[in-house]
Amino acid sequence: MDNHECMEEMYLAAVRQLRTIVFEINYATGHTYASPLFEEYFGVKTIYNEDFTKDEATAGLVYREDMFSCIRPCLRRSEENGL
Amino acid sequence: MYQTLFAEKRGERTVICRFVMKDGSINWYRVVLQYELLDTGAVEKVIGTMKDVSDEIRSSAALQYHRDYDSLTGVPNIQRFTEEVNRLLIWDNGHKHAMIVFDVERFKMINDLYGMRTGDLVLMHIADCLKETVTAPDTYCRMHSDVFCICMTYETKGNIIRFIEKFKKRLEENTFGFEIKTSYGVYLSDSSDLMEVNLMCDRAALAKRRIKDNAMQFCAFYDEEYRNEIVKNSQIEAEMERALTEKQFVMYLQPKFNLENGEIVGAEVLARWKHPTKGMIQPDDFIPLFERNGFIIKLDEYMWEEACKAIQGWRKEGRRQFPVSVNVSRYHIFNRNIEQILERLLEKYELTPGALSLEITETMFFDNADDLYYLLKRLQEMGFRLEVDDFGSGYSSLNMLRNVPVDVIKIDKGFLDDTLNSEKGKVVIRHTIAMAKELQLQIIAEGVETTEHVNFLRGSHCDVAQGYYFAKPMPLEEFNKLKF
């Protein structure tokens, strides 16, 4: 097992023990990643947009009454300036 | 703040919201998003973490609930109410606001008679009625025990009265099997009157106190005059104990005269309060209050002792002896020691019971006829002379003459004034005197102030008179200058 693999294993163990989900969305490269707990908890494998409401797979995960408070922090700078 | 973050090409945002889990349950998550931005401002990369914070949120919400709401009834508590009313007063200051404080009459009796659980159910019923009847932005709270408070906007005093009547009626619709009676105190503020919430509540609560003075009333409004009276009374109450120990209460004596020969045949003891800063306080300003708070017992007993001292002094000087009348308050009727207290005083000053004449009022018979009858019987058998003060002011005078063991009746001043204004009145008073004589009772006319009074009483064969016509009440030193 090389260093990289070792680090990844430790990292996954840590997030599982902390019961924390981590995810990454790289819009530049098109790469997305969500730690296995996300699928385990929500039944969805991948996150394509940090604004969950923008993607069909994750939109249903956000509790209806909290939709607005969830969207607001995800606004782009340009959108925010327009508020 | 965001612009600064974006200018650094990096940003972080946090959101806490609920997510629907795979199994359908709902949990709170804290989502932290870290952005990396391109020079154009567009998002290049997002790294996010999601942490379940449901326990944290729920316990904090529970804490918040317990901080703000009454655990039994679920209505806001006074802290929450204060915050809400403050907001209401600031945002809605174009309107007039009413503060209504109300409680359940004899709530303790409900608890004692039907159990604490029933008492709790009554409070919960009140809470339900409040939730139904009071609509936002008007608000309400449970202040403590069975005391609730409502703050509402209003146009006219009539609006408030109608609301209270409606609310009262709604409270009465219940299945407890007993009546829930409530009483309300209201403070009305006008739109310019931005007052502290607790002060508004205090004023409404103060208004509610007025209801205690009037059994027919269930609602009273605050007014400044009543507040001043309460303040004055509370000052008197704060000073009364000290006044007694510092001997600020002074015995005044008003002589009683034989209408035939003009001799002094008795004296009545009257209390005066010589206040060190306020001067002489008249009995009307403190006796009714002392009768309400029970301090009258101490004052009466102090006056009894002063009277005994005076009688002993006269005896030592070889003066003519006559009975001195002292007041017996309604509190003494329930004080089983009254006989012992009087006996102890007589023994201390070496007097016989005939030295004192005990004055009771006719109105005492309304509530305690049996107790009073047996007490008077015992006192009469001990040798005390018994007088009925204010005879004619009650409604059972004749019945009382027939049944009660008394030796003297004192015709009330008001009764005397009224009867002298009409022929019928004169007939009534003449026959009362004649009847009392038949029953071998002595008659004393009080409040005799004019020659017309004196002539009429002499003509009606009244024995004894007392009043300003003959002499005003006076301190002992002055009384001692009289010839007897």
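For the structure itself, consult the block above.
Let us look at the structure shown here.

Thresholds applied
- Note that residues are indexed from 1 along each chain, following the sequence as it is written.
- Chains carry letters and ligands carry numbers; both start at the beginning, A for chains and 1 for ligands, and go up in the order they are written.
- Side-chain atom pairs in this predicted model are given and counted only at pLDDT of 80 or more, local residue features only at pLDDT of at least 70, and totals for whole chains, interfaces and linings cover all residues.
- Side-chain descriptors were evaluated using all non-hydrogen atoms of the structure, hydrogens and water having been removed beforehand.
- The helix and strand labels rest on DSSP assignments: H or I over at least four residues marks a helix, E over at least two residues marks a strand, and numbering proceeds from the N terminus.
- Using a 1.4 Å probe on the protein chains alone, a residue whose accessible area is under 20% of its type maximum counts as buried, one over 50% counts as exposed, and one in between counts as partly exposed.
- In this description, contact between two residues means that some pair of their heavy atoms is separated by no more than 4.5 Å.
- Reported accessibility uses the Shrake-Rupley method at a 1.4 Å probe radius. Residues are deemed covered only where the shown protein chains occlude them.
- Note that patches include only residues with greater than 30% relative accessible area and no salt bridge, and the join distances are 9 Å for like charges and 5 Å for nonpolar side chains (Val, Leu, Ile, Met, Phe, Trp, Tyr).
- Take a side-chain nitrogen of Lys or Arg and a carboxyl oxygen of Asp or Glu: if they are within 4 Å of each other, that pair is a salt bridge.
- Side-chain atoms within 4.5 Å are what join buried Ala, Val, Leu, Ile, Met, Phe, Trp, Tyr and Cys residues into a set we call a nonpolar core.
- Here a cavity means grid points, on a 1 Å grid over the protein atoms only, where a 1.4 Å probe fits yet cannot get out; a pocket means an open set of points with protein on both sides within 12 Å along at least five of seven lines; lining residues are those with an atom within 4 Å of a point.
- Grid points are joined across faces, edges and corners, and a volume is the space filled by probe spheres set on the points.
- Gly is put with the polar residues, along with every residue not named as nonpolar or charged; the nonpolar set is Ala, Val, Leu, Ile, Met, Phe, Trp, Tyr, Cys and Pro, and the charged set is Asp, Glu, Lys and Arg.
- A strand pair is defined by DSSP finding two or more bridges across the two strands.
- Between N-to-C directions, angles span 0 to 180 degrees; the directions come from axes that are lines fitted to C-alpha atoms, helices contributing only their stretch in contact.
- By the counting scheme adopted, Arg and Lys are positive, Glu and Asp are negative, and His together with the chain ends is not counted.
- Lysine's charge is taken at NZ, arginine's at CZ, aspartate's at CG and glutamate's at CD.
- Between rings of Phe, Tyr and Trp, where Trp is taken as its six-membered ring, a pair exists when centres lie within 6.5 Å; planes separated by under 30 degrees are stacked, by over 60 edge-to-face, and by other angles tilted.
- Geometrically, a charge over a ring is one whose NZ (Lys) or CZ (Arg) sits within 6 Å of the ring centre while staying within 35 degrees of the ring normal.
- Values labelled buried area give the accessible surface lost by two parts on being combined, using a 1.4 Å probe and summing over both.
- In the analysis that follows, any N or O atom pair within 3.5 Å is treated as a polar contact, provided that within protein one partner can donate a hydrogen and the other can accept it, and provided that, for residues neighboring in sequence, both atoms belong to side chains.

Once that is clear, we can look at the overall build of chain A. Tallying secondary structure elements over chain A gives five helices and two strands in all. In sequence order, chain A lays out its α and β elements as α-β-β-α-α-α-α. Going through the 83 residues of chain A one by one, you find that 35% of them count as buried. The long-range share in chain A, meaning contacts at least 24 apart out of those at least 6 apart in sequence, stands at 14%. Within the structure as shown, chain A displays about 5300 Å² of accessible surface, and the carbon and sulfur contribution to it stands at 53%.

The next subject is a nonpolar patch on the surface. Together, Met109(B), Leu113(B) and Tyr114(B) make up an exposed nonpolar region whose accessible area comes to about 290 Å². Structurally, Leu113(B) can be placed in helix H4 (residues 107–114).

Residues and elements named next belong to chain B. By size, the foremost hydrophobic cluster in this structure holds 79 residues, and its most contacted members are Phe249, Phe286, Phe290, Leu299, Trp314, Leu356 and Leu358. Here this core takes 10 residues from helix H10 (residues 296–316), the largest share from any one element. With residues up to four places along the chain from it excluded, the contact list for leucine 299 reads Phe249, Ala271, Phe286, Ile287 and Phe290. Core analysis: the second largest hydrophobic core is formed by 30 residues, Phe102, Ile110, Phe148 and Leu171 among them.

Moving on, we come to the layout of surface pockets. All names here are of chain B. The volume enclosed by the largest pocket comes to roughly 1100 Å³. Forming the boundary of the largest pocket are 38 residues, of which Glu268, Leu270, Pro283, Asn327 and Asp389 lie nearest the centre. Classifying every residue of the lining of the largest pocket by side-chain character gives 16 nonpolar, nine polar and 13 charged.

Residues and elements named next belong to chain B. You can see lysine 181 is positioned in the loop between helix H6 (157–172) and strand E7 (182–189). Residues lysine 181 and arginine 106 lie 75 residues apart in sequence; the distance between their C-alpha atoms is 8.2 Å. Apart from residues lying up to four places away in sequence, lysine 181 is in contact with Asp103, Val104 and Glu105.

Let us now look at the sheet that holds strand E3 (residues 43–52) of chain B. Judged by pairing direction, the sheet is antiparallel, and its five strands sit side by side in the order E2(A)-E1(A)-E3(B)-E2(B)-E1(B) without closing on themselves. For this open sheet the edge positions go to strand E2 (31–34) of chain A together with strand E1 (10–20) of chain B, each flanked by a neighbour on one side alone. Each neighbouring strand pair of the sheet contributes to a mean axis angle of 15 degrees, computed without reference to strand direction. Of the pairings in the sheet, the one linking strand E1 (residues 20–26) of chain A to E3(B) comprises seven bridges and is antiparallel in character. The residue bridging Val22(A) from the neighbouring strand is Thr49(B), located in E3(B). Across the sheet, helix H2 (residues 54–68) of chain B touches E1, strand E2 (26–37) and E3 of chain B, and the angle it forms with E2(B) is around 120 degrees.

Before going further, it helps to spend a moment on the pattern of salt bridges. Here the idea is simple: oppositely charged side chains can pair when their charged atoms come close. Residues and elements named next belong to chain B. Taken as a whole and judged by the stated rule, the model has 29 salt bridges over all chains. The partner of arginine 170 in a salt bridge is glutamate 173, with the nearest N and O atoms 3.6 Å apart. Arginine 170 sits in the partly exposed class, given a relative accessible area of 21%. Connected through salt bridges with shared partners, the residues Arg67, Asp68, Arg80, Glu83 and Glu84 form a single ionic network.

With that settled, consider the environment of Ile16(B). Residue and element names in this part refer to chain B. Along the chain, the position of isoleucine 16 falls in strand E1. The class for isoleucine 16 is partly exposed, based on a relative accessible area of 36%. Once the C-alpha coordinates of isoleucine 16 and arginine 30 are considered, the two residues, 14 residues apart in sequence, prove to be 4.4 Å apart. For isoleucine 16, the residues in contact, after removing those within four places along its chain, are Trp28, Tyr29, Arg30, Val53 and Ile57.

Residue and element names in this part refer to chain A. A surface patch of like charges, here negative, comprises Asp2, Glu5, Glu8 and Glu9. Tracing the sequence through the fold places aspartate 2 in the segment before helix H1 (3–17). Looking at aspartate 2, the relative accessible area reads 43%, which means it is partly exposed.

Right, let's talk about the packing of aromatic side chains for a bit. What the rule picks out here adds up to 33 aromatic pairs over all chains. Chaining the aromatic ring pairs together yields one cluster made of Phe23(A), Phe38(A), Phe42(A), Phe52(A), Phe19(B) and Tyr29(B). A cation over a ring is seen here: Lys157(B) above Phe221(B), with NZ or CZ 4.4 Å from the ring centre. Sitting over the face of the ring of Phe484(B), Arg319(B) holds its NZ or CZ atom 4.4 Å from the ring centroid.

With 30 residues of chain B at the interface, the matching set in chain A holds 35 residues. A combined buried area of about 2800 Å² lies between chain B and chain A, and 58% of that area is made up of carbon and sulfur atoms. On the chain B side of the contact with chain A, Arg18(B), Lys22(B) and Met50(B) bury the most area, a combined 21% of that side's loss. Across the chain B-chain A interface, the total number found is one salt bridge. At the junction of chain B and chain A, the tally comes to 11 residue pairs in polar contact (both at pLDDT 80 or more). When contributions to the side of chain B that touches chain A are tallied by element, the ones reaching two or more residues are helix H1 (2–7), E1, E2 and E3 of chain B. Counting residues per element, the side of chain B that touches chain A draws most heavily on E3(B), at 10 residues. Looking at the side of chain B that touches chain A residue by residue, the class counts come to 17 nonpolar, six polar and seven charged.

Turning to the pairing of strand E10 (residues 264–275) of chain B, a few remarks are in order. Residues and elements named next belong to chain B. Among the 12 residues of E10, 10 are classified as buried, and the element is accordingly described as predominantly covered. With nine bridges joining them, strand E9 (residues 249–258) and E10 adopt antiparallel strand pairing. If you follow methionine 251 over to E10, its bridge partner there is alanine 271. As consecutive antiparallel partners, E9 and E10 are separated by five residues, and within that stretch glycine 262 has a phi angle of approximately 75 degrees, a positive value. Looking at chain direction, E10 and strand E12 (residues 324–327) are connected through two bridges and run parallel. By the bridge assignment for E12, alanine 267 is matched with valine 324. Taken together, the three bridges between E10 and strand E11 (residues 279–281) define a ladder with antiparallel strand orientation. By the bridge assignment, tryptophan 273 is partnered in E11 with isoleucine 281. Where E10 folds back onto E11 in an antiparallel hairpin, the turn is made up of three residues.

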